[in-house]
Amino acid sequence: MNPTLIAAFLRQRFTSPMRAGLLFLVTVFPLGAVAVTGTISPLAGIASPIALILAAGAIGQDVASGTLQLLLVRPVSRPSVLLNRWLACVLAAVGLTLAMLVLGTLALLLRHTHPDGLDLVRIVLESACSAAGSAAVMAMLSTLVGGLGDVGLLVAAVIVTQTFAGLATLEHWDWLARTCTEIQGVISPQLGWEWMVHGSPPSWFAITSWASTVTLALAAGIARLNRRELSYAAG
Amino acid sequence: MPAIVVENLVKSYARGMGGLGGRVTALAGVSLAFEPGETVGIIGPNGAGKTTLLGCLLGFLRPDSGRLSIEGRAVDDLEIRAVTGYLPERLVLDRWMSGMAFMQYHHALARLPAGTRHQDCRTLLDRVGLDREAAGRRVGRYSRGMLQRLALAQALLGNPRFLYLDEPISGVDPAGIVTFREILSGLSAGGATVIINSHQLSEVERVCHRVVFVKQGRVEAMDTTRAGAAHARVLRVRLSTEQPVPAADRLTAIATGAGGTYRGWTPPDARFAVADDAGATRLLAALLAAGVAVIEASPEEGRLERLFTGSSASTPMPTPTPPPGGAS
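Here's a quick rundown of the structure. The model shown is predicted, which means the values in this text are computed figures rather than measured ones. (Residues numbered from 1 in each chain as written. Chains lettered and ligands numbered in written order. Predicted model: local features only at pLDDT ≥ 70, side-chain atom pairs only at ≥ 80, totals over all residues. Heavy atoms only, no water.)

### Topic: the overall build of chain A
Stated precisely, the cut-off is as follows: The way it works is that DSSP assigns letters per residue, a run of H or I at least four long becomes a helix, a run of E at least two long becomes a strand, and they are numbered from the N terminus. All radius of gyration figures rest on C-alpha atoms, and the globule criterion is 2.2 Å times the number of residues raised to 0.38. Buried, partly exposed and exposed residues are distinguished by accessible area as a fraction of the type maximum, computed with a 1.4 Å probe on protein chains only: under 20%, between the cut-offs, and over 50%, respectively. What makes two residues a contact is simply this: any of their non-hydrogen atoms within 4.5 Å. For the area figures, the Shrake-Rupley method with a 1.4 Å probe applies, and any residue is considered shielded solely by the protein chains shown. Positive: Lys, Arg. Negative: Asp, Glu. His and the chain ends are not part of the count. Charged side chains are reduced to one point each, which is NZ for Lys, CZ for Arg, CG for Asp and CD for Glu.
A count of helices and strands for chain A gives eleven helices and zero strands. Since a compact globule built from 235 residues should have a radius of gyration of about 18 Å, the 19 Å found for chain A is in line with a globular shape. Along the first, second and third principal axes, the C-alpha set of chain A runs to 60 × 45 × 30 Å. Relative to its full complement of 235 residues, chain A shows a buried share of 44%. Taking all contacts inside chain A whose residues are at least 6 apart in sequence as the whole, residues at least 24 apart take part in 77%. When the accessible area of chain A is evaluated, it comes to approximately 10900 Å², of which 72% is carbon and sulfur surface. Taking the 12 positively charged and 10 negatively charged side chains of chain A as two groups, their mean positions are separated by 16 Å.

### As for the pattern of salt bridges
Rule in force here: Salt bridges, as used here, are contacts in which a Lys or Arg side-chain nitrogen is within 4 Å of a carboxyl oxygen on Asp or Glu.
Taken as a whole, this structure holds 14 salt bridges over all chains when the rule is applied. The partner of A:Glu229 in a salt bridge is B:Lys11, and the shortest N-O contact between them spans 2.7 Å. Separated into two different chains, A:Glu229 in the segment after helix H11 (204–227) and B:Lys11 in strand E1 (residues 4–14) make up a pair that spans both. We classify B:Lys11 as buried; its relative accessible area is 3%.

### Remarks on unusual backbone geometry
All names here are of chain B. One non-glycine residue with positive phi stands out, namely Glu71, at about 50°. Examined against the element boundaries, Glu71 turns out to sit in the loop between strand E4 (65–70) and helix H2 (78–81). Notably, Glu167 is not glycine yet its phi reads approximately 50°, a positive angle. Within the element layout of this structure, Glu167 appears in the loop between strand E6 (162–166) and helix H7 (174–189).

### A few points about the sheet that holds strand E10 (residues 233–239) of chain B
All names here are of chain B. The condition is simple: Pairs of strands are assigned from DSSP output, requiring at least two bridges between the strands. Axis angles are defined between N-to-C directions and span 0 to 180 degrees, where every axis is a line fitted to C-alpha atoms and, for a helix, only to the segment in contact.
The strand order across the open sheet formed by four strands is E11-E12-E10-E13, and the pairing between neighbours is antiparallel. Taken across any chain shown, the strands that pair with only one partner, and hence form the sheet edges, are strand E11 (261–266) and strand E13 (294–299). Averaged over neighbouring strand pairs, the angle between their axes works out to 25° when direction is ignored. When E10 meets E13, the two strands line up antiparallel, connected through five bridges. By the bridge assignment for E13, Arg238 is matched with Glu296.

### Some points on H11(A)
Because each turn of an α-helix spans 3.6 residues, side chains separated by three or four positions in sequence point in the same direction. All names here are of chain A. How we decide: Expected span of a helix: the number of residues minus one, times 1.5 Å.
Between its first and last C-alpha, H11 extends 34 Å over 24 residues, near the 34 Å set by a 1.5 Å rise per residue. Looking only at H11, the buried set comprises Trp210, Thr213, Val214, Ala217, Leu218, Gly221, Ile222 and Leu225. Among the structural elements, helix H5 (67–72), helix H6 (78–110), helix H7 (117–144) and helix H9 (174–187) are those in contact with the buried residues of H11.

### Describing a nonpolar patch on the surface
All names here are of chain A. The line we're drawing: Candidate patch residues must exceed 30% relative accessible area and have no salt bridge, after which like charges are joined if within 9 Å and Val, Leu, Ile, Met, Phe, Trp or Tyr side chains if within 5 Å.
Judged by side-chain polarity, Met18, Leu22, Phe24, Leu25, Val28 and Phe29 come together as a nonpolar surface patch covering roughly 610 Å² of accessible area. With respect to the helices, strands and loops of the structure, Val28 is situated in helix H2 (residues 17–37). A relative accessible area of 33% means that Val28 is categorised as partly exposed.

### Notes on the state of the cysteines
Every disulfide links exactly two cysteines, by a covalent bond between their sulfur atoms. Residues and elements named next belong to chain A. As a reminder of what qualifies: Only a pair of cysteine sulfur atoms within 2.5 Å qualifies as a disulfide here.
Going through the model one piece at a time under the given rule, you end up with zero disulfides over all chains. Residue Cys129 stays outside any disulfide, its sulfur separated by 16 Å from that of Cys89, the closest cysteine. Cys129 gets classed as buried once you look at its relative accessible area, which sits at 7%.

### Quick look at the packing of helix H1 (residues 3–14) of chain A against H6(A)
Residue and element names in this part refer to chain A. In plain terms, the rule: For classification purposes, an angle smaller than 35 degrees is called roughly parallel, one larger than 145 roughly antiparallel, one from 65 to 115 roughly perpendicular, and anything else oblique. In this scheme, a crossing is called left-handed if the near helix is turned counterclockwise away from the far one by less than a right angle; it is called right-handed if the turn is clockwise. In the scheme used here, Gly and all other residues not listed as nonpolar or charged are polar, with Ala, Val, Leu, Ile, Met, Phe, Trp, Tyr, Cys and Pro taken as nonpolar and Asp, Glu, Lys and Arg as charged.
Remark: H1 packs on H6, axes separated minimally by 9 Å, with the N-to-C direction vectors making an angle of 60°. With respect to each other, H1 and H6 are oriented oblique. Handedness of the H1/H6 crossing: right-handed. In contact with Leu5, Ile6, Phe9, Leu10 and Phe14 of H1, H6 contributes Ser80, Val81, Asn84, Arg85, Leu87, Ala88, Cys89, Ala92 and Leu96. Considering only residue class, the contact of H1 with H6 consists of eleven nonpolar, two polar and one charged.

### Describing H6(A)
In this model, H6(A) (33 residues) spans 48 Å end to end at C-alpha, consistent with the 48 Å of a helix rising 1.5 Å per residue. Looking one or two places after H6(A), you find A:His112, whose phi comes out positive at around 60°.

### Notes on the packing of aromatic side chains
Residue and element names in this part refer to chain B. For the record, the criterion: Each pair of aromatic rings taken from Phe, Tyr and Trp, with Trp reduced to its six-membered ring, is defined by centres within 6.5 Å and is described as stacked if the planes are under 30 degrees apart, edge-to-face if over 60, and tilted in the remaining cases.
Summed over all chains, the structure comprises four aromatic pairs over all chains. With a centroid separation of 5.6 Å and an interplanar angle of 65°, the aromatic rings of Phe60 and Tyr86 are classed as edge-to-face. One end of the pair, Phe60, is in the loop between helix H1 (50–57) and E4; the other, Tyr86, is in strand E5 (residues 84–87), with 26 residues separating them in the sequence. By relative accessible area, Phe60 is classed as buried at 3%. Given a relative accessible area of 6%, Tyr86 falls into the buried group. Here the aromatic rings of Tyr262 and Phe272 are separated by 5.5 Å at their centres, their planes lie at 50°, and the arrangement is tilted.

Below, the structure is given as C-alpha cells:
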C-alpha cells in the first residue's frame, strides 16, 4: 500500500468537476429516495457506480497523457500503481457509501424509523464487495485502452450481454441466458451477504466466484500493464 | 566500469492496425557505454531513434533483442529508479497540482525523507528560478518555460546518479539556459551520468563531454566535444581583397602573439583557432593592430552541425595552406 499514490489519485479524481458532478448525482438522489421512501435500501447499490466513476480511466488516461511515464521513473512498480489505484477506488467508494448510510440513517431517525443494524452491516459488506469488483474490472479495462475508452468497453459489454439475454428469454435458449448471466457476473462482480442476516450458511461458491473474478481482473490488468509500452513513439 | 551498458539493442514497432502494415525498425543494433560522471548528448534527425533509445533506457519500452544494464542491474530495477531523474520532452505534468504539491508528490514517490520534504523542494524550485508565487500556482497555469523549469526541478530530486533529459532547454529563456548549464556542471562534477537528447547542437556541444549521432536507428558517429576534449573554436576572418593578403608566416606570428593558432587560408577567409571568446577578441584586435584589412569575422560551423548535415564525425580540420601570392 502506497499512501502517496492513493492520496494523489483520489485528490485528482475529486478535483475533476465532471467526476464530482457524477458522484453528486449517484449519492444525493438515493439519499433523497431514503428520505422519501423511509427505507435504507436505495443506498444499497451506490458503491458500484461510485467505484466505476472513480476507476474510469485509472490507467488509460495517464497512459494517453504521458503522466504515467513520469510516475514510473520513480521507484514505483507498475503492479503497485494499478493495485493502489484500485484500492483507492474501493476505499473512497466504501467511505462515501458509509457517509451516505450515516446520513440516510439520520434521515430515517428524523422520520422516527429505526433501520435494522444487521441490515446496515449487510449493506456495508455488499457495498465493499461490489466496489472492489467493479473497480477491479474497470481498472483492468483501463489497461487495455487509452483515455476513457474503458467506459466505452464496459458500456458495449453491458449492451451486448443485455441484448443477448433478451434474445435468450425470447427464444427460451437457456444456455445463452446462462452465459449472459455469467458474463454479467464478470462485468459487475457482486457478493450477497443475506446469509448473514438470515443466519444461513454462506455460499462458498459465490464467495469463490466473486474472489476469483476480482483476482483475475487485477491479474489481467497487471499483466497487460507490465507489457504495455509507454511512449508516444510506440503509437 | 561503464555505468550504463547498451549492447546490440534492437527495437521495432508494429505499423498499422494489429501490425498488418509490417514493422518499422527504430533501433537497429545500437551498442553504447556511458561512464559515471559523463554527460553525453544524443543527436540525430527526427525519427532517428533517439526517443526510443531513451524509452528503452528508462524501461518504458521493451527491446526486441539486445541487452541493457545500469550498474549491472535491469533498467526497471526499483533501486536504479530511486537514483534516476527524467525530464520528458512532452511536459505533461499533473496540471491540477500546484508546483510545490507536484514537487512534494514526486519527493514522496522517490522515497526521500519526509522531514526535509518542503525544504528540499523549495531549494530545487529556487535553483531553477521558480519563486514562491509560481510554486503556489497550479501547474495548468504555467507557461512553457515554467513547465520546463518545474520538470527539471523534479528530475533533480534526490541528486540522481542517472539523469535523462529530453530536449531540456526547449522553450527556456537565456537566463534559464545559464541556470541549466550550471546545474548540469554541478551534477557532472558530482559523478552523475547525464544523457541529453536534444536538437540544440550548440548547447549539446557546450555541455556534453561526448556526443552520439544516431541516424536510422544506428549509431552513425561518436565524438568528444569541446567540453570533453577542449577543442579549439575556429574563427573565420574575411580579409579585404582590395589589399594584399599577408603571408602565412605573418598571420601565424600575429595569431601566436594573440594566443591563437593560424589554421590556413580558405579563400577568401583566413582560419584561426582560439580557445574562447576572449581569445577571439584578442586575435581580432591583434590583426587590426597589425594593419590587416579585416572586413568580417564569424565562428566556423560547429563540428556537430557538420555531423548533422552529413559529414563524417572524424572529418579532419583542413591543413594550413599558404594564401595565394601573399605579401609580407
